[in-house]
Amino acid sequence: MKRLLVLLSALSFALPCLGDGDGQIVKDGWNVGPLPCVSYNSDLGFQYGLCADIFNYKGVFPDYRQRYYLEASRYTKGQTLLHAQFDSKYLIPGIRTTFSASYQYDPMFLFYGLDGLEAYDPSMDANKETRTARYAYRRSMLRILADFQAPLGDNLWAVAGASFWKYRLGDIAMEAYDAQNTLFHQMREAGVFKGGEADGGSRLEVKGGLVLDTRENESAPSRGIWAEAYLNASPDLFSDGFGYVRLAAHWRQYIPLADDRLVLAYHLAWQGTLLGEAPFYTQQNISTLFLRQTCTDGLGGINTVRGLLAQRLVGRDYAWMNTELRLKLFSFNLLDQSWYVALNPFIDGGMVTSLYKGEELASFYGRTVDELKEDAVKPHFSAGSGLKLAMNRNFIVSVELARPFKATDGGVATYIALNYIF
């Protein structure tokens, strides 16, 4: 981490000497950014595949009329991903419309237990020589989202939407690993999971709520507020015994400290189950109206608390925060595009605020529910820094390194992806 900070500090002084530009080329019409999907995530490995970010700027730059994102990729640790997304404020006049469809298959989906109670041991990570893979199971997921935002007044929007999810879960189906010696298998055999929830299932969720949005730019705002509060309700349509109502609340604020060159950005969030019971396979879903990343799992990893192991905290209710400084180092014009480079040191934190499956876990660990609550409801923090390369303020390549404060939450994590996380 020290080497990273030294490198980033040096870049902040050296990069401006390489070139300069006003970064104000006005785009009009279509702009297509086809790219190979070459990225890296400590939790998933190297990514390879194809993706395209397509914008129609006609008459509204730096906003866009339509945005299409397409991706077909695979990670070296096994995950396969197909994803398509559409976003527009102009398809239906006065209504912001967002659609997405994703399919994800992961033969080694990471699982570190429930409520952060499992004592993570790095020697139990996937290792073919010892046939060990304690923290994994097999998962496939189909996700279809449709969200609509209608204006209620200045910067205030009403939200309505629906989503469909289909999951299939199971033990690791790879001969290189001992499928009987995983945490998921042991919990399933011990009866921690209810009925067939350890096998997966289908859910239909309907959504309703409010959004306050005063940002001057969505991809990389330098001022304003972006707040959301909405309910996700899922009745027991598939006769699996589960039905619930969840609340998702987000407060994001962007404070200019030196015009748009230095911005303090922070994000406070809470997500929890208000009524009913949600199945295990939905507990890691982080609800959001606009997908910054194609993966929406948490708590921990690239979407929520950077540096923590992916899905490190799986609980009934979550709270988390992200705080970062966004320093624009320099801007330039190249190939008829506007570019800038930015630095973003950050501190993240998160915690489980309500125990999930307390009675079942008490039996599994041979402890009382009160003892488990005392260990579960504790904050987990991380810190790191990153570099951003932005094209036309909307297409942003991100490189970030982060490290958790506790060794039981992982080591140094590296993320090479797209976009700010909020």
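What counts, and where the lines are drawn
- Residues numbered from 1 in each chain as written.
- Predicted model: local features only at pLDDT ≥ 70, side-chain atom pairs only at ≥ 80, totals over all residues.
- Heavy atoms only, no water.
- Salt bridge = Lys/Arg side-chain N within 4 Å of Asp/Glu carboxyl O.
- Helix = DSSP H or I, 4+ residues; strand = E, 2+ residues; numbered from the N terminus.
- Buried < 20%, exposed > 50% of the residue type's maximum accessible area, 1.4 Å probe, protein only.
- Phe/Tyr/Trp six-rings, centres within 6.5 Å; stacked < 30°, edge-to-face > 60°.
- Pairing = 2+ DSSP bridges.
- 1 Å grid on protein atoms, 1.4 Å probe; cavity = no way out; pocket = protein on both sides within 12 Å on 5 of 7 lines; lining within 4 Å.
- Points joined across faces, edges and corners; volume = space filled by probe spheres on them.

Visitor: Any chance you could break down the pattern of salt bridges for me, citing the residues and the numbers?
Guide: Under the defined criterion, the tally for this structure stands at 27 salt bridges. One salt bridge in this structure joins Arg134 and Glu118, with 2.9 Å as the shortest N-O distance. With Arg134 in the loop between strand 6 (95-110) and strand 7 (136-153) and Glu118 in the loop between strand 6 and strand 7, this residue pair connects regions lying 16 residues apart in the sequence. With a shortest N-O distance of 3.9 Å, Arg188 and Asp199 are connected by a salt bridge. Taken together, the residues Arg188 in helix 2 (residues 183-189) and Asp199 in the loop between helix 2 and strand 9 (200-213) connect sequence positions 11 residues apart. A relative accessible area of 24% places Arg188 in the partly exposed class. On the basis of relative accessible area, Asp199 is assigned to the partly exposed category, the value being 44%. One network of salt bridges, in which partners are shared, links Arg306, Glu324, Arg326, Asp348, Lys388 and Glu400.

Visitor: Tell me what's going on with the packing of aromatic side chains, and back it up with residues and numbers.
Guide: Applying the stated criterion across every chain yields a total of 27 aromatic pairs. Taken together, a centroid distance of 5.5 Å and an interplanar angle of 80° make the contact between Phe111 and Phe280 edge-to-face. Of this pair, Phe111 sits in the loop between strand 6 and strand 7 while Phe280 sits in the loop between strand 12 (262-277) and strand 13 (317-334); the two residues are 169 residues apart in sequence, bridging distant segments of the chain. With relative accessibility at 2%, the residue Phe111 sits in the buried group. In this structure Phe280 comes out as buried when scored by relative accessible area, which is 2%.

Visitor: Before we move on, can you summarise the pairing of strand 13 with the specific residues and values?
Guide: Note that strand 12 and strand 13 share 10 bridges and pair antiparallel. Across the sheet, residue Tyr266 finds its bridge partner in strand 13, namely Thr323. Across 7 bridges, the pairing between strand 13 and strand 14 (residues 337-343) is antiparallel. Counterpart to Phe330 in the pairing with strand 14 is Val341. Two successive antiparallel strands, strand 13 and strand 14, enclose a turn made up of 2 residues, where Leu335 displays a positive phi of approximately 55°.

Visitor: Give me the lowdown on empty space enclosed by the protein, citing residues and values where you can.
Guide: With the rule as written, the count across this model stands at 4 cavities of 30 Å³ or more. By volume, the largest cavity amounts to about 240 Å³. Ile286, Thr288, Arg292, Asn303 and Ile421 are, among the 19 residues lining the largest cavity, the residues nearest its centre. Residue assignment for the lining of the largest cavity shows that the elements contributing at least two residues are strand 11 (243-258) and strand 13. Taken as a whole, the second largest cavity spans an internal volume of roughly 170 Å³. Lining the second largest cavity are 17 residues, with Trp165, Glu205, Asn232, Ser287 and Thr288 sitting closest to its centre.

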